[in-house]
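# Structure assessment
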Amino acid sequence: MSCSSETRSPTLRTVTISYYELKDKDADLSLKIEEGFGPNGLGILSITNVPDFPSLRRNLLCLSARLAALPEDVKKELEDPQSRYNFGWSHGKEQLESGKPDHLKGSFYANPLLDVPTNDVSLIQRYASYCGANIWPQAALPELEVAFKALGKLIFDVGLLVAYHCDRYVSRGMKLQKDEGLEQILLRSRCQKGRLLYYFPAQLSNHEENDDSMSSWCGWHSDHGSLTGLTCGMFKRNGVEISCPDSAAGLYIRTRSGEIVKAIFGEDEIAYQIGETTEILSQGYLCATPHCVRAPKGKEASGVDRSTFALFMQPDWDETLNFPEDIHIHKELIPPNGSLTFGEYSEMLLDKYYHKKT
């Protein structure tokens, strides 16, 4: 990783792997997997030279502002309270850090691989955040569905290749049964979830109020799934794409040693971050790291919006997670037998960030 000190925190370039290396299943990428995802890594790496990715990224991110600008009654029709706003449009529903509603960004959630994961009514009621059906603005913004699914499918397919090489690395340190690896867990899952994010433009006064807040756009958190695919953000002012107006803005990561660093990757690269579930199932060979997003600040940041996309790749709702005895993640949620399904685990975590079910 290359390092610079333009900001108060060190800036580190993610470990990169070429797509052409990644798709070679005979290539030994263990050193890069360990450098990016291992106990001393940042929990992130990026894939370069992915065919079609730049155009698919642009196609989708350019739609986020149009989605956010739809009439309020149209967006209301895209909301799904039953899933705790984990399908369709969500704005001001999530709670992070302070416990206050998050009004800084709007999100649109959908499963890019399955429009209807299941028709089982009891499952839909129990695990509504995963088992529900997609809600598309077919009349108001029909191109969203096509662009969302195209980018989501590509990030998923590349993510499966990342998972394959993760399994090869982990199998050096622990015994993996054929169906226990990350690749197979993701292949059989019906729970993949894409999130298109739109960070609303803030006025200068808002930026000045949050001047010292590193997590001013997205609070500190660790992803609870398996593997998160992430695009570089797109910044615009008055609909015109610009470069980020503040070098201190962006993705920050807290390392295992407690150091806070800014992680950067190119706009034509797909970044992947390890989630807590993978850390659990790999017994710590692959590690999740807390991260946040810092908003641009200063006069140049006034009126600037940001769009990005994340694909949360995660186990099926009925996949059993066996927690190691020395687990340090959400220890208070783990039952005495050390076993939960991913659906049960997720519902407990959602209770921490959204209103509890009634």
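Everything numeric here is computed off the predicted structure, so don't read it as measured data. (Residues numbered from 1 in each chain as written. Predicted model: local features only at pLDDT ≥ 70, side-chain atom pairs only at ≥ 80, totals over all residues. Heavy atoms only, no water.)

### A few points about the confidence of the model for the protein
Averaged over every residue, the pLDDT of the protein is 88; residues scoring 70 or more account for 90%. Scored below 50 in pLDDT, residues 1–7 shows 18 contacts in the model against residues more than four places distant or in partner chains. In this model, residues 204–211 is a region of pLDDT below 50 whose contacts with residues beyond four sequence positions or in other chains number 13 contacts. (pLDDT = per-residue confidence, 0-100. Contact = heavy atoms within 4.5 Å.)

### Here's the deal with the nonpolar core
Core analysis: the largest hydrophobic core is formed by 54 residues, its most contacted members being F37, I47 and Y272. Top element by residues in this core is helix α8 (residues 143–170). It accounts for 15 residues. Ranked by size, the runner-up nonpolar core spans 15 residues in total, among them L333, I334, L340 and Y345. (Core = buried A, V, L, I, M, F, W, Y, C linked by side-chain atoms within 4.5 Å. Buried < 20%, exposed > 50% of the residue type's maximum accessible area, 1.4 Å probe, protein only. Helix = DSSP H or I, 4+ residues; strand = E, 2+ residues; numbered from the N terminus.)

### What about the packing of aromatic side chains?
Counted according to the given criterion, the structure contains 7 aromatic pairs. With a centroid separation of 5.4 Å and an interplanar angle of 75°, the aromatic rings of W136 and F148 are classed as edge-to-face. One end of the pair, W136, is in the loop between α7 (128–131) and α8; the other, F148, is in helix α8, with 12 residues separating them in the sequence. Each of the two residues, W136 as well as F148, counts as buried. (Phe/Tyr/Trp six-rings, centres within 6.5 Å; stacked < 30°, edge-to-face > 60°.)

### A look at the environment of A288
With respect to the helices and strands, the residue A288 is situated in the loop between α11 (276–281) and β15 (291–294). In this structure, the C-alpha to C-alpha distance between A288 and H224, residues 64 residues apart in sequence, is 8.6 Å. Leaving out residues up to four positions away in the same chain, A288 has contacts with R256, I274, G275, E276 and E279.

### So, the side chain of E79
If you trace the backbone, E79 turns up in the loop between α5 (72–77) and β5 (88–91). Accessibility expressed as a relative area gives 16% for E79, which makes it buried. Residues within four places of E79 in sequence aside, it is in contact with Y85, W89, K93 and I135.

### Remarks on helix α2 (residues 30–37)
Along α2, the positions that sit buried rather than exposed are S30, I33, G36 and F37. Down the axis of α2, the buried side of the element spans an arc of 140°, and every buried residue falls inside it. Residues of α2 that are buried in the fold lie against β3 (15–18), β4 (44–48), α8, β9 (227–230) and β14 (270–274). (Arc of directions from axis to C-beta.)

### Let's talk about the pairing of strand β10 (residues 234–237)
Pairing geometry for β10 and strand β16 (residues 304–313), over 4 bridges, is antiparallel. When the sheet's bridge partners are listed, F235 is paired in β16 with R306. One ladder, built from 3 bridges, connects β10 with strand β11 (residues 240–242); its direction is antiparallel. In the sheet register, F235 faces β11, and the bridge partner there is I242. In textbook terms, the turn of a hairpin is the stretch between consecutive antiparallel strands, and for β10 and β11 this stretch comprises 2 residues, one of which, N238, has a positive phi near 55°. (Pairing = 2+ DSSP bridges.)

### Notes on α8
Because each turn of an α-helix spans 3.6 residues, side chains separated by three or four positions in sequence point in the same direction. Taking 1.5 Å of rise per residue, the 28 residues of α8 would be expected to cover 40 Å, and the 40 Å separating its terminal C-alpha atoms lies within 8% of that figure. Burial of α8 is extensive: 21 of the 28 residues sit out of reach of the surface. (Expected span 1.5 Å × (residues − 1).)

### Some thoughts on the pattern of salt bridges
Going through the model one piece at a time under the given rule, you end up with 17 salt bridges. Measuring nitrogen to oxygen at the nearest pair gives 3.8 Å for the salt bridge that ties K32 to E21. Remark: E21 occurs in helix α1 (residues 19–22) and K32 occurs in helix α2; sequence separation between them is 11 residues. Given a relative accessible area of 32%, E21 falls into the partly exposed group. In this structure, K149 and D115 form a salt bridge, with 2.7 Å as the shortest nitrogen-oxygen distance. One end of the pair, K149, is in helix α8; the other, D115, is in the loop between β6 (105–110) and α6 (121–126), with 34 residues separating them in the sequence. K149 sits in the partly exposed class, given a relative accessible area of 23%. By relative accessible area, which is 30% here, D115 ends up partly exposed. (Salt bridge = Lys/Arg side-chain N within 4 Å of Asp/Glu carboxyl O.)

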